[in-house]
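Take a look at the letters that make up each chain.
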Amino acid sequence: MLTSFPVCVIVGSLLGFLTGMGVGGGSLLILWLTLMLGVDQRTARGINLLFFLPASAISCAFRLRQGKLSLRQCLPAIAAGCAAAVIGSLAAAAIDTALLRKPFGILLLLTGLRELFYRPQRRR
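Residues numbered from 1 in each chain as written. Predicted model: local features only at pLDDT ≥ 70, side-chain atom pairs only at ≥ 80, totals over all residues. Heavy atoms only, no water.

A. The overall build of the protein, seen in detail. Scanning the protein for helices and strands turns up 5 helices and 0 strands. For the protein, the sequential pattern of α-helices and β-strands runs α-α-α-α-α. Principal-axis analysis of the C-alpha atoms places the extent of the protein at approximately 45 × 35 × 30 Å. Across the 124 residues of the protein, 19% fall into the buried class. When the accessible area of the protein is evaluated, it comes to approximately 9800 Å², of which 70% is carbon and sulfur surface. (Helix = DSSP H or I, 4+ residues; strand = E, 2+ residues; numbered from the N terminus. Buried < 20%, exposed > 50% of the residue type's maximum accessible area, 1.4 Å probe, protein only. Areas by Shrake-Rupley, 256 points an atom, 1.4 Å probe, with all protein chains shown as cover.)

What follows is the structure in structure tokens.
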């Protein structure tokens, strides 16, 4: 049932919505693929990258149209992010998947805890 087309469309739509809000739908997609569908970690990471590209491009286009994103300010981050993605992809391909599972799980746990307990500081 979990692998049926309607369920995958619903989950993909929900995760795309979360990605558009900046919540991190890609991390949740990896969890869905590995824990619920039994996809191996390496394949799940590849699917996540393919999922993220159009979702982030659409989100960026909307933020640009709303005037909430300055391309000039983002260019250094884009360049650094692309360089880090290349390095990270090469490192992930060279490292055994079993070694990546625990750090990824810890990262997700810490991110979830931060989201639960983070309180923004009030401006004075």
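After that view, the rundown keeps rolling.
B. Representation of the packing of aromatic side chains. This structure, assessed with the given rule, holds 0 aromatic pairs. Seen from the ring of Tyr118, Arg114 lies directly overhead, with NZ or CZ sitting 4.4 Å from the centre. (Phe/Tyr/Trp six-rings, centres within 6.5 Å; stacked < 30°, edge-to-face > 60°. Lys NZ or Arg CZ within 6 Å of the ring centre and 35° of its normal.)

C. Layout of the packing of helix H1 (residues 5–21) against helix H2 (residues 25–36). Packing of H1 against H2 leaves a shortest axis separation of 8 Å and a crossing angle of 155°. Classified by the angle between their axes, H1 and H2 sit roughly antiparallel to one another. Between H1 and H2, the contacting residues are Val7, Val11, Leu15, Leu18 and Thr19 on the first element and Gly25, Gly26, Leu28, Leu29 and Trp32 on the second. By residue class, the composition of the contact of H1 with H2 is 7 nonpolar, 3 polar and no charged. (Axes fitted to C-alpha atoms, helices over the stretch in contact; angles between N-to-C directions. Parallel < 35°, antiparallel > 145°, perpendicular 65-115°, else oblique. Contact = heavy atoms within 4.5 Å. Nonpolar A, V, L, I, M, F, W, Y, C, P; charged D, E, K, R; others polar.)

D. The pattern of salt bridges, seen in detail. Enumeration according to the criterion identifies 1 salt bridge in this entry. The salt bridge partner of Glu115 is Arg114, with a shortest N-O separation of 3.8 Å. Using a relative accessible area of 47% as the deciding quantity, one classes Arg114 as partly exposed. (Salt bridge = Lys/Arg side-chain N within 4 Å of Asp/Glu carboxyl O.)

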